[in-house]
Amino acid sequence: QVQLVESGGGLVQPGGSLRLSCAASGFSLGFYAMGWFRQAPGKEREGVSCISRADNTYYADSVKGRFTMSRDNANNTVYLEMNSLKPEDTAVYYCAADYAAFCGLMGWEYDYWGQGTQVTVSS
């Protein structure tokens, strides 16, 4: 019953904010590096952000300065705070877990994936 469940997506106006959550079950995410990825229709999957086991964070250039990733190991949950949202941010957002100390944004490293939550930025 290893599972990652994303929530918090929805429709937001340009310039608005959303906070995505990813709840883990069946494993303790404190032992994992975690990542957020997104995929828009007709486009390849894109690495958005990741956080290492030591809580170092990394961001794609397209979201740097606007998104913030964090984790709450006690609640087995990782978050993505998204500010100053743009229509280009519209995508399905996925969280992923990697049994490693460090993180990356390529995607192949990750062991577990959630089913995604839709984020739509539109006026």
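Refer to the structure printed above.
Residues numbered from 1 in each chain as written. Predicted model: local features only at pLDDT ≥ 70, side-chain atom pairs only at ≥ 80, totals over all residues. Heavy atoms only, no water.

Next up on the list: the state of the cysteines. Applying the stated rule across the entire model yields two disulfides. One disulfide bridge connects Cys50 with Cys103, the sulfur atoms lying 2.1 Å from each other. Looking along the S-S bond of the Cys50-Cys103 disulfide, the torsion reads about 65°, which is the right-handed sense. Of the two residues, Cys50 sits in strand β5 (residues 46-51) while Cys103 sits in the loop between β9 (91-98) and β10 (112-113), which places them 53 residues apart along the sequence. (Disulfide = S-S within 2.5 Å. Helix = DSSP H or I, 4+ residues; strand = E, 2+ residues; numbered from the N terminus.)

Turning to the pairing of β9, a few remarks are in order. Burial analysis of β9 places six of its eight residues in the buried class, which makes it a mostly covered element. Pairing between strand β4 (residues 33-39) and β9: seven bridges, direction antiparallel. Within β9, the position partnered with Arg38 by the bridge is Tyr93. Pairing between β9 and strand β11 (residues 117-121): three bridges, direction antiparallel. Looking at the pairing, Ala91 lines up with Val119 of β11. (Buried < 20%, exposed > 50% of the residue type's maximum accessible area, 1.4 Å probe, protein only. Pairing = 2+ DSSP bridges.)

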